[in-house]
Amino acid sequence: MLFWSRRLEERGKNVKQKNMVRWLFLLPNLMGIGVFALFPMAEVLVGAFRSAIGGSWVGVRNFRTVLSNRAFRLAAFNTGRFMLVCIPLLLCLSLLLALGLKRVWGGRQLRSACLLPMAVPAASVVLAWKLLFHENGLLNGVLEGLGAGGVNWMGTSASFWVLVISYLWKNLGYTVVLWTAALGTVSPSVYEAAQMDGADSFRSFWYITLPNLKTSAYSIAVLSLLNSFKVFREAWLVAGDYPQEQMYLVQHLYNNWFRELDYDKIAAASVLVSCVVLVLIALLRRAWDKEDQG
Amino acid sequence: MKRKLLWFLMGAFALIMLLPIWIAVTGAFSSQWELTENLRPVLGNGQGLAKWTLLPQSPTLKSLVQVLLDSPEFFTMFWNSVTITAGILLGQFAVAVPAAWGLAKLHLPGKLGNLYMVLMLLPFQVLMYPEYLVLKSLGLLNTLWAVILPGVFSAYPVFLLTRFFGAIPEEILEAARLDGAGEWQIFRYIALPLGLPGLLSVGILSFLDAWNLIEQPMTFLKNRALWPLSLFLPETTLTDAGLGFAAALLMLIPALLLFGLCQDALEQGLALPGGK
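Residues numbered from 1 in each chain as written. Chains lettered and ligands numbered in written order. Predicted model: local features only at pLDDT ≥ 70, side-chain atom pairs only at ≥ 80, totals over all residues.

### Notes on the overall build of chain A
A count of helices and strands for chain A gives twelve helices and zero strands. Ordering the α and β elements of chain A from the N terminus gives α-α-α-α-α-α-α-α-α-α-α-α. Taken over C-alpha atoms, the radius of gyration comes to 26 Å for chain A, far larger than the 19 Å a tight globule of 294 residues would show. If one aligns the C-alpha atoms of chain A with their principal axes, the spans along those axes are about 95 × 75 × 40 Å. (Helix = DSSP H or I, 4+ residues; strand = E, 2+ residues; numbered from the N terminus. Rg over C-alpha atoms; globule rule 2.2 N^0.38 Å.)

### Digging into the overall build of chain B
For chain B, the count of helices and strands is 15 helices and zero strands. The C-alpha extent of chain B, read off along each of the three principal axes, is 75 × 65 × 35 Å. Going through the 276 residues of chain B one by one, you find that 45% of them count as buried. When contacts within chain B are restricted to residue pairs at least 6 apart in sequence, those whose partners lie at least 24 apart make up 79%. (Buried ≥ 20, exposed ≤ 12 C-beta atoms within 10 Å, placed from the backbone. Contact = placed C-beta atoms within 7 Å.)

### As for the interface of chain A and chain B
Contacts between chain A and chain B engage 77 residues on the former and 77 residues on the latter. Of all the elements, helix H1 (residues 2-47) of chain A adds the most residues to the side of chain A that touches chain B, at 17 residues. The residue inventory of the side of chain A that touches chain B, partitioned by class, reads 55 nonpolar, 16 polar and six charged. (Nonpolar A, V, L, I, M, F, W, Y, C, P; charged D, E, K, R; others polar.)

### Description of helix H10 (residues 232-239) of chain A
Where burial is concerned, most of H10 of chain A is hidden: eight out of the eight residues are buried. Of the residues making up H10 of chain A, those classed as buried are Phe 232, Arg 233, Glu 234, Ala 235, Trp 236, Leu 237, Val 238 and Ala 239 of chain A. On the buried face of H10 of chain A, the contacting elements are helix H5 (126-133), helix H7 (159-184) and helix H11 (250-259) of chain A together with helix H12 (215-220) of chain B. Two residues or fewer past H10 of chain A, Gly 240 of chain A is found with a positive phi of approximately 75°.

### Examining the nonpolar core
Ranked by internal contacts, the top residues of the largest apolar core, which has 159 residues, are Ala 100 and Ala 248 of chain B. Both domains that furnish three or more residues to this core are identified here as domain 1 (2-60) and domain 2 (72-235 + 265-274) of chain B. In contact with Ala 248 of chain B, not counting residues within four places along its chain, are Ala 123, Ser 124 and Leu 127 of chain A together with Ala 24, Ala 28 and Leu 233 of chain B. (Core = buried A, V, L, I, M, F, W, Y, C linked by C-beta atoms within 7 Å. Domains from an automatic or database assignment.)

### Describing the packing of helix H1 (residues 2-28) of chain B against helix H14 (residues 241-261) of chain B
All names here are of chain B. H14 packs onto H1 with a crossing angle of 120° between their chain directions and a minimal axis gap of 8 Å. On the basis of the axis angle, H1 is oblique to H14. Where H1 crosses over H14, the two elements pack in a sense that is left-handed. Contact residues: Ala 24, Val 25, Gly 27 and Ala 28 in H1; Phe 245, Ala 246, Ala 248, Leu 249 and Leu 252 in H14. Residue composition of the contact of H1 with H14, grouped by class: eight nonpolar, one polar and no charged. (Axes fitted to C-alpha atoms, helices over the stretch in contact; angles between N-to-C directions. Parallel < 35°, antiparallel > 145°, perpendicular 65-115°, else oblique. Left-handed = near helix turned anticlockwise from the far one by under 90°.)

### Thoughts on the environment of Ala 269 of chain A
Residues and elements named next belong to chain A. Residue placement: Ala 269 occurs in helix H12 (residues 263-293). Ala 269 sits in the buried class, given 28 other C-beta atoms within 10 Å. Note: C-alpha distance between Ala 269 and Leu 210 (59 residues apart in sequence) is 38 Å.

### Description of the domain arrangement of chain B
Taken as a whole, chain B is organised into domain 1 (2-60) and domain 2 (72-235 + 265-274). Taking only C-alpha atoms, the centre of domain 1 of chain B and the centre of domain 2 of chain B are 36 Å apart.

### Section: unusual backbone geometry
Phi at Leu 261 of chain A is positive, roughly 60°, even though this residue is not glycine. Topologically, Leu 261 of chain A is positioned in the loop between H11 and H12. Of note, the phi angle at His 107 of chain B is positive, near 55°, even though the residue is not glycine. As for its position among the elements, His 107 of chain B is in the loop between helix H4 (72-105) and helix H5 (110-121).

### Looking at the confidence of the model for chain A
Residue and element names in this part refer to chain A. Mean pLDDT for chain A: 84, with 91% of residues reaching 70 or above. Per-element mean pLDDT across chain A ranges from 76 in H1 up to 92 in helix H3 (residues 70-103). Residue range residues 1-8 is modelled with pLDDT below 50. Its contacts to residues more than four positions away, or to other chains, number zero contacts. (pLDDT = per-residue confidence, 0-100.)

### Observations regarding the environment of Phe 72 of chain A
Residues and elements named next belong to chain A. Among the structural elements, Phe 72 can be located in helix H3. Overall, Phe 72 belongs to the partly exposed group, with 19 C-beta atoms counted inside 10 Å. Each C-alpha atom of the pair Phe 72 and Ala 269 lies 8.4 Å from the other, and the pair is 197 residues apart in sequence.

### A closer look at the packing of H7 of chain A against helix H15 (residues 263-271) of chain B
Helix-helix packing is described using two parameters, namely the angle between the two axes and the distance between the axes. Contact geometry for H7 of chain A and H15 of chain B: axes closest at 9 Å, N-to-C directions at 75°. Between H7 of chain A and H15 of chain B, the crossing angle belongs to the class labelled roughly perpendicular. Packed against H7 of chain A, whose contacting residues are Tyr 174, Val 177, Leu 178 and Ala 181 of chain A, the element H15 of chain B presents Glu 267, Leu 270 and Ala 271 of chain B at the interface.

### What about helix H2 (residues 32-43) of chain B?
Given a rise of 1.5 Å per residue, twelve residues ought to cover 16 Å, yet the end C-alpha atoms of H2 of chain B are separated by just 13 Å, more than 12% below that figure. Residues of H2 of chain B that are buried: Glu 34, Leu 35, Asn 38, Leu 39, Pro 41, Val 42 and Leu 43 of chain B. In this structure, the buried side of H2 of chain B is in contact with H5 of chain A together with H1 and H14 of chain B. (Expected span 1.5 Å × (residues − 1).)

Quick look at the structure:
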C-alpha cells in the first residue's frame, strides 16, 4: 500500500512539474503577444469610445465622425471595391493557371517564374512599375503600337487597375502553388475511374475536381483577403502619400490621421476594420460549412 | 496542337510575369547616361515615350560599384534592413518556435491556438495603432526595436510551425518520455531536428516579410537614419536613377538567392495553411 501511494505521489509531482514546463514553452511568446497585441487592442477598443483630448466618455461619437468622414468613406469604398474585384479574379486566374501548368511540359519551371514575384521586395520593382505605368511609359508605348490610345494610368480612374495588376502580379504564383497543392490531394484513380465511365475532362473537372477543392478554396480566399491589405505597399511606392483618388486606401487615411494626431478617429476606424475583417472571415466559413452539410 | 498552344500561352504569360524583374535587373547594369535617355519622359519632363532595351546597350558595373563603394547612406539603410530582418528572425526562433511546439504537442488549451489564428488574420491596419501605443509607452518609437519587436511576436510563424510540428508522430515522443527524456530534451533533440524542414520554410517566409517591411518602419520610425532600404528607393529621381536601380538590385539579390536555393521549402511553407 505504502509503495503504491508513494509512486502515485511521485507521479502527481511529475505531472505538476510537466504542467509548469509545458507553459514555459508558450509563456514568452504569449507575454509578448499580450504586451504588443492583446493589451493595447483592449486599450484601443476603450479609446474608441473616448475623446482624444481629455479622454472623456463620448459613446459612439467617434464612430459617427469616422463613418461620416468623406476620406474614410472613399478609402473604405476603394478598399472594398479592390477586394471584390481582385480576390475572385485572383482565385479564378490562378486556378486556371494551376490546371494549365499541370498539363504542359516544363510546368514546374513556368510555375517558378510565376512564383518569383512573391520573393521580390516591392521596393525593388518600384522603378519598373513607374516605367511601365507612367503616362509616357512602356505600357502606353505598347498600346499605341497596337493602335490603341494611351491611358493616363496614374492620373485617372485607371489607377485602380494599376493596383489590380500589381496585386495579381505579386500573388498569382503564390496562389497557383496553393491550388497545385490542393489539386495534388485528389487521387488520380478517381479520375481514371471517371474516364472509364466516359466522363470528359470538363465533366471530371466539374464533378470531381471542384468539389474536392472546396476546403482549400476557403483557406486560399482567406489568405488572399489578408494579402489584399498589403497592396498599400505598391500604391504608396508608385504614388506616394496622396495618390489619385481611386488608389486612396485605408492605410493612406491612417497615415494622414496619424500626421494630424487624430487618435480618436484612428481608434474608431481600427475597431471598425477589425470587425469587418472578422465578420467577413466568419461569413466565409459559415458559407462553406453550410455547403458541406448540404 | 492544342497542347502546344497551351504551352505557348503559359510561356508567354511567365515571360510577362518576369518582365518587371528583368527591368529591375538590367537597369542596374545600364549606364546613367543610357538611363537618363530612356527614362527622361517618365522621371523627368521629357517629351515622347520612355524606351527600354532588352539588354543594356553599354553594360557597366559603374552604378553598382558607386553604390557599394561611395554611398554611405546606402550602407546605413542596407544595414538597417539587415538588422531588422536578423532581429525578427532570431527573436522568432527564440520565442515562436517553442510556443508552436507547446501548442502542437504539449496539450495546452486549444483556445490558445484559436487566439493565434485570429491574431494572424488581423491586417496591419488593425494592429498599427495598438502597436503604436505600446511602443510609445515603452519609449521605443524611433528605435529599430519598434519594428523588430512587433515582428518577433507576430502570430503567423507560430500558426505555421504549429502545423508543421503537429505532423510529428506522437509515438516518438511517448518513447522518448518512457526513456526518461525531459520536455526540454525532447524539444531540443526531437522537435528541432524533425521540424527542420518546417523551420526552414517558416524562416524563409519570415525573411521575405521582414526584408520587405514598409508600413511598419514608415509609421514607427521618423528618423530617416533608421529607415530600411525599402523606404528610400521610391525617392529615386532621374539624376540618380542608376543608383536607384543598383540599390534595388542589391536589395533583390538576397531574396532571389534564397528563392533559388530553397524554393521547395518555400512552396511547402506556402502550401501549408491552404491544406485541409
